[in-house]
Structure formats: structure tokens, C-alpha cells
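Spelled out from the first residue to the last, the chains are:
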Amino acid sequence: MSLTLLATTHRVAPGLLTWKAWEALRSAARVRVRAGHPLLPYLRDAGIAPEEVAAPDARDLVAAARREDVVWVAAPEGDEALMREVGTLVLNDPLDVEVLHGSYDLPGARLLDLVAVMETLRRECPWDREQTHETLAPYLLEEAYEVLDTIESGDLGALREELGDVLLQVAFHSVVASERADETAFTVDDVAGGIVDKLVRRHPHVFADVSVSGADEVDANWEQIKAAERAAKSGDEASALDGVPMGQPALSLAAQLQRRARRMGAPGDLAPTANGALTSGNGSENGAGNGADAGSDLGVRLFALVQEAGEQGLDPEAELRAVSRVFRDRVRVWERRGRDA
């Protein structure tokens, strides 16, 4: 005689059980389940006649299992307290007890929990209910910078938590958007579906019959596909610079503009000089503008330094942050010396 405690996950649709779980259910003399369990209709469809109980009783369950094979179908969220009590009862009077997992979480299953929690917070938390895309925007920037900080400082132990904070922002914006009643509404599934479609479309060497010789060719194909997407969206007015967020920090803005310009083969002498002319001297032909348009001499020199970093394969934002961290540490040492004097 035996007792089988059948565990399932609520993150998988009820009825999707392993073959071993269905065998245990069909072969058991008695199957007991809590009233209202989501698996009940599927058990009946399979010809199994479960006994419904209002609440599980460990002593009664163990006593029944000493007479015949019994399967207890645990609640989707688990029956940890019941299992602990069963373990205590059979400790001195042994019984064959097996915990059988009838379904398992798939990779990414906890994302379903995040969506459910976010929807609950949006309904029941006064602060969460008040938030909009605009009020949430600063948090998205802050969380992204915190991720960057953990990577650059080598604190990989904190990276998981910081990435979770960024993921929360994605879920939050998605649940806000899902509440709209017009064509701008979307859900987190739409967000995920959109990025999946984009990744498949931009990786034909993985998901189609395109062959590549290496990473450089992958990058070239990526740019060609993006250019075709921009042309389909904007027509003749499409530019490789479309979509560059002008509100980002100035160093990263200059780096992104220069990076895109290099990728489309733009000449490297388009950067303005202090007097507003192009370095090639043909400003009128390329619409360079006058000196006021070019900005200050300091701005021109900063732009040139960003260009120099790009030519060396360096990220000017990261380089400046690295030097800034050294400066921070030296100032702190100086402060400590002053306090200890």
C-alpha cells in the first residue's frame, strides 16, 4: 500500500501531466482531491472518479493509504503543510510515500507570476494605480543606469536584482498600456511578440536559409534589414539616423550618431569645425550650416574626441565613467586624510 502526493504547477495549463502521473492516477484505488481543484474536469474526462474533500486531513489520508494505494492531488500552489504533517505521521510507522511531479515549470514560467502580480498591484495598490508612462519614465532610466553600474563595477551578484528592476518597468508600462481602449493599447504579450518577430526577422542566418561567414557579415546583414524596415516605414525620407533618441546623454548621443553614420558609409569628415564648416571644406554642398549651428569650440572638440574613441573601438561614455570613478576614489582618499589629520 502507498500514498502518492501528486504535485503540479499552476504555471502550466491543468490537464497537461506527465505520462507517469496519468499512470499513477489511473492505477490508484482511490484518488482524492480538494473540491474545486482545476484538474477535476480533466480527471473526469480521463475516466477517473476522484473523491472531493473540503479540506485535506493528513491522518485520514495516511490511514486510507495503509489499506490501499491512494493518490492525493495537491493544490496547484502546493500543499507543503499537509506534506510536512504526513511526513511526521509516517516517521515512526513507515509507509511508502512518494512525491510525484505531474508537471514542471518551463523556462520563463516565473514571468507569468510577474504579470499576475503586476495586474494585482495595478488594481489594489493606490500608488501603482496612479502611475502613467510619463511618471514611470524616470524610473526606467534610473534602473537602466543601475544595471550598467553593476556591470562596470563587476558586481555580478547584484546584476540579477537590477535586471529584475528593469523587467518590472517593462511589465509596468505594459499593464498601463493594456488599460487603454483605443488602437494604442497593447499587452506584455504584444511586447514579447514584437521583439520575437524582430529577432527572427533580423537573424535569417539562424531562422532562414541565409549563410554567413562570421560576425561581421551578421552585422552587415542586420544593418541591411534595418534599412529595409526603415524604408518600408518612412519611404524615401527614411534615414539611418531615424530612431536615435536625441534626449540621451550628449556623449552617448554623439557616439550613436557617429556609429550609425560609419555603418552606412558616411565620410568621416562630416564633423563640424569651430567655425561651422565641414572639415572637408564643402559645407555648402552638404548643408553644414553656419558657425552658430556648429556649436561652441568646446562642443566641437568633445565631438572630435567621441569620434576618436569610435575609431579606436571604445565607448566614450564608458571611458569617461571609468576615469570619473578613479577621480571619485581619489577624492574619497583625500577626504579621509583630512579627517585623520
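Residues numbered from 1 in each chain as written. Predicted model: local features only at pLDDT ≥ 70, side-chain atom pairs only at ≥ 80, totals over all residues. Heavy atoms only, no water.

**What about the sheet that holds strand β1 (residues 2-7)?**
And step 1. Spatial ordering of the open sheet is given by β3-β2-β4-β1-β5, a layout of five strands whose pairing is parallel. Of all strands in the sheet, those bounded by a partner on one side alone are β3 (51-53) and β5 (96-101). The average undirected angle you get between the axes of adjacent strands in this sheet is 25°.
And step 2. Pairing of β1 with strand β4 (residues 70-73) involves four bridges; the strand directions are parallel. Residue pairing in the sheet places Leu5 in a bridge with Trp72 of β4.
And step 3. Lying on the sheet, helix α1 (residues 19-27) is in contact with β1, β2 (30-34), β4 and β5; it crosses β5 at an angle near 135°. (Pairing = 2+ DSSP bridges. Helix = DSSP H or I, 4+ residues; strand = E, 2+ residues; numbered from the N terminus. Axes fitted to C-alpha atoms, helices over the stretch in contact; angles between N-to-C directions. Contact = heavy atoms within 4.5 Å.)

**What to know about the nonpolar core**
And step 1. Judged by nonpolar contacts, the single largest core of 16 residues is most densely connected at Leu6, Leu25, Val31, Val71 and Val73.
And step 2. If you list the elements that add at least two residues to this core, you get α1, β2, α2 (40-45) and β4.
And step 3. Per-element accounting of this core gives the leading share, four residues, to α1.
And step 4. Apart from residues no more than four positions distant in its own chain, Leu6 is found in contact with Ala21, Leu25, Val71, Trp72, Val73, Ala74, Leu100 and Gly102.
And step 5. In terms of nonpolar packing, the next biggest core, distinct from the first, is built from 14 residues, Ala64, Leu82, Val90 and Leu95 among them. (Core = buried A, V, L, I, M, F, W, Y, C linked by side-chain atoms within 4.5 Å. Buried < 20%, exposed > 50% of the residue type's maximum accessible area, 1.4 Å probe, protein only.)

**Description of a nonpolar patch on the surface**
And step 1. Together, Ile195, Val196, Leu199, Val200, Val206 and Phe207 make up a nonpolar patch on the protein surface, roughly 520 Å² of accessible area in all.
And step 2. Of all the elements in the fold, those that place two or more residues in the nonpolar patch are α9 (188-202) and α10 (204-207).
And step 3. The element that contributes the greatest number of residues to the nonpolar patch is α9, accounting for four residues.
And step 4. By the secondary structure assignment, Val206 is in helix α10. (Patch = residues over 30% accessible without salt bridge, like charges linked within 9 Å, V, L, I, M, F, W, Y side chains within 5 Å. Areas by Shrake-Rupley, 256 points an atom, 1.4 Å probe, with all protein chains shown as cover. Salt bridge = Lys/Arg side-chain N within 4 Å of Asp/Glu carboxyl O.)

**Concerning the pattern of salt bridges**
And step 1. Taken as a whole and assessed by the stated rule, the structure comprises 18 salt bridges.
And step 2. Among the salt bridges present, the one from Asp60 reaches Arg32, with a minimum N-O distance of 2.5 Å. Here the residue Asp60 occupies a position in helix α3 (residues 58-65), and Arg32 occupies one in strand β2, the gap between them amounting to 28 residues.
And step 3. The exposure class of Asp60 is partly exposed, given its relative accessible area of 39%.
And step 4. Relative accessible area serves as the criterion here: at 7%, Arg32 is assigned to the buried category.
And step 5. A salt bridge links Arg321 to Glu152; the nearest nitrogen and oxygen atoms lie 2.8 Å apart. Of the two residues, Arg321 sits in helix α16 (residues 316-340) while Glu152 sits in helix α7 (residues 133-153), which places them 169 residues apart along the sequence.
And step 6. On the basis of relative accessibility, which here comes to 22%, the residue Arg321 falls in the partly exposed class.
And step 7. The exposure class assigned to Glu152 is partly exposed, which follows from its relative accessible area of 24%.
And step 8. Three or more residues joined by partner-sharing salt bridges are found here, namely Arg30, Arg32, Glu51, Asp60 and Glu68.

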